[in-house]
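# Coordinates in review
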Amino acid sequence: MRFTKLKGTRDIIYDEAAKKLHLENEFRRIATGYGFSEIITPILEYTELFERSTGATTDIVQKEMYAFSDKGGRSITLRPEGTPGVVRAILENKIKFPCRLFYIGPMFRYERPQKGRLREFYQLGVEVLGEANPKVDLELIELGFELFSELGIKSSLEINSVGCPKCRPFYKERLLDFFKGKNKNLCVDCRIRLERNPLRVFDCKNESCQNILETAPKIKDFLCSDCQTHFAEVIKGLKKLEDVSLNINDRLVRGIDYYTKTAYEFVSKELGAQNSLGGGGRYDDLVEEFGGPKTPATGFALGEERILLLMRNTEGGGRNLVFIAFLDESAQRSAESLIKVLRKNGIPSLMSYSKEKLTSQLKKADQLHSRWTIIIGEDELKKGVYTLRDMESGEQKLVAEQELVSYIKQLK
Ligand code: HAM
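Residues numbered from 1 in each chain as written. Predicted model: local features only at pLDDT ≥ 70, side-chain atom pairs only at ≥ 80, totals over all residues. Heavy atoms only, no water.

Around the ligand sit 27 residues in total, of which Glu-81, Glu-111, Leu-118, Tyr-259 and Ser-276 are the nearest. Gln-123 has a polar side-chain atom sitting 3.0 Å from an oxygen atom of the ligand. A distance of 3.5 Å separates a nitrogen atom of the ligand from a polar atom in the backbone of Gly-299. Summarising the interface, the protein chains cover 96% of the accessible area of the ligand, which totals 660 Å² for the free molecule. When contributions to the shell around the ligand are tallied by element, the ones reaching two or more residues are strand 6 (120–129), strand 10 (276–282) and strand 11 (297–303). A per-class count over the shell around the ligand returns ten nonpolar, ten polar and seven charged. (Near = heavy atom within 4 Å. Polar contact = N/O pair within 3.5 Å; in protein donor to acceptor, adjacent residues only side chain to side chain. Areas by Shrake-Rupley, 256 points an atom, 1.4 Å probe, with all protein chains shown as cover. Helix = DSSP H or I, 4+ residues; strand = E, 2+ residues; numbered from the N terminus. Nonpolar A, V, L, I, M, F, W, Y, C, P; charged D, E, K, R; others polar.)

Right, dumping it as structure tokens:
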């Protein structure tokens, strides 16, 4: 019986795993530099957590959640996003505000898989609770751009203000007025969205719905003065940043319900349909919704797989494993002591323990993804040298015994 992986999941092996680790390490390094500490929350949460935050009317909750009853009959969900669990954990652990936390981990959404869209995917996220200042929104956007620039990735920012509970109800009302008489041209999903939350129509990819939206009223004309000032401050700050390509997109609502004021996406032209490298914004009402004190909050999450698609394959250092091949018994003894020296010096290394021909040892070295092979034979032992073979180019070089460790170290 041969098993296959689930649709929309992937196995991450060798160079791809090294690239992923490099991305996570860079994110960790930069986020730490901005004063963030890591939080690790469970992958499993109660379903209601997402219904009450991500939003009962969103596609994520309606169609995409891996929700099931556990053996105790409780409704459990594999988290589709990180924010609700982080906010829950902050309140449950009585963490003091303001706080800055980052997370790295897998998320699950039952979506139609395609390039850059999986059912199990990883997010890199940051959340700041207890800060209302627009400068904090700006700081987070800078953090995102800093990561992209470190990785050599070009990205631009789509940004909007989605208002707040003071001004958004007026906008919703106007939207409903606007759609009156246009219902029959909307897709089935959007007709339902209209009843539950008219803003969700903006999430629809259907062409006829998009055409209708061309002339729809814009939220920017309904923002209260507080939301207007906040947005103006964020935009003013963004315009001062060097190398940031910015598009104020008054149709951007994001597919999640908790946003207030600032909402944005980092996008890339090189990704095709799934062009959003990450997204985020303010969610000033969520902490209160979860039973906490009124607490402003802001954050974003980036999609690892989409970033990995744009990263150079050499990122992550590539292969750096050393294989030791030997030709006879005394060379084997020398190999067995050499491997201990290399490992003590932090050089990843391995060898074959059975006597094999040099060609099969080299084949094994290749299969095990070794970057270099050290060959030890009678000649080498006599001269006090090692033959070092570059497994990519096939070039060989003699290195003196006592220089080997420092020589390999400077190769990396
Ligand atoms: P989101 O826009 O739903 O926001 O997801 C953020 C990013 O996760 C997306 O821009 C995308 O790069 C990646 N992503 C989403 N779905 C998939 C998928 N099926 N396959 C691959 N990548 C995917 C959130 O999740 C919010 N929690 C962000 C946030 C944090 N807002 C405030 N704080």
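Moving on, we get to the sheet that holds strand 12 (residues 321–326). Within the open sheet, the five strands sit side by side as 13-12-14-15-16. Their pairing is mixed. The open sheet has two free edges, formed respectively by strand 13 (349–351) and strand 16 (396–400), since each of these has just one partner strand. Averaged over all pairs of adjacent strands, the angle between their axes in this sheet comes to 30°, without regard to strand direction. Two elements, strand 14 (residues 370–376) and strand 15 (residues 385–390), share four bridges in a ladder whose sense is antiparallel. In the strand pairing of strand 15, Thr-373 is matched with Arg-389. This element, helix 13 (residues 358–367), spans strand 12, strand 14 and strand 15 of the sheet and lies at about 170° to strand 12. Relative to the sheet, helix 15 (residues 404–411) contacts strand 12, strand 14, strand 15 and strand 16, its axis offset from that of strand 16 by approximately 135°. (Pairing = 2+ DSSP bridges. Axes fitted to C-alpha atoms, helices over the stretch in contact; angles between N-to-C directions. Contact = heavy atoms within 4.5 Å.)

Ranked by internal contacts, the top residues of the largest apolar core, which has 39 residues, are Phe-36, Ile-159, Leu-238, Phe-266 and Ile-307. If one sorts the elements of this core by residue count, helix 5 (residues 134–150) sits on top with eight residues. Not counting chain neighbours up to four residues away, the residues in contact with Phe-36 comprise Ala-31, Arg-100, Leu-101, Phe-102, Val-126, Glu-127, Val-128, Leu-140 and Leu-143. With 27 residues, the next largest nonpolar core counts Ile-39, Ile-60, Leu-286 and Ala-297 among its residues. (Core = buried A, V, L, I, M, F, W, Y, C linked by side-chain atoms within 4.5 Å. Buried < 20%, exposed > 50% of the residue type's maximum accessible area, 1.4 Å probe, protein only.)

The next thing to look at is the environment of Leu-147. When you line up the elements, Leu-147 lands in helix 5. On the basis of relative accessibility, which here comes to 0%, the residue Leu-147 falls in the buried class. Put simply, Leu-147 and Glu-26 are 121 residues apart on the chain and 7.1 Å apart in space, counted from C-alpha to C-alpha. If sequence neighbours within four positions are ignored, Leu-147 has contacts with Leu-23, Glu-26, Phe-27, Ile-30, Leu-124 and Leu-302.

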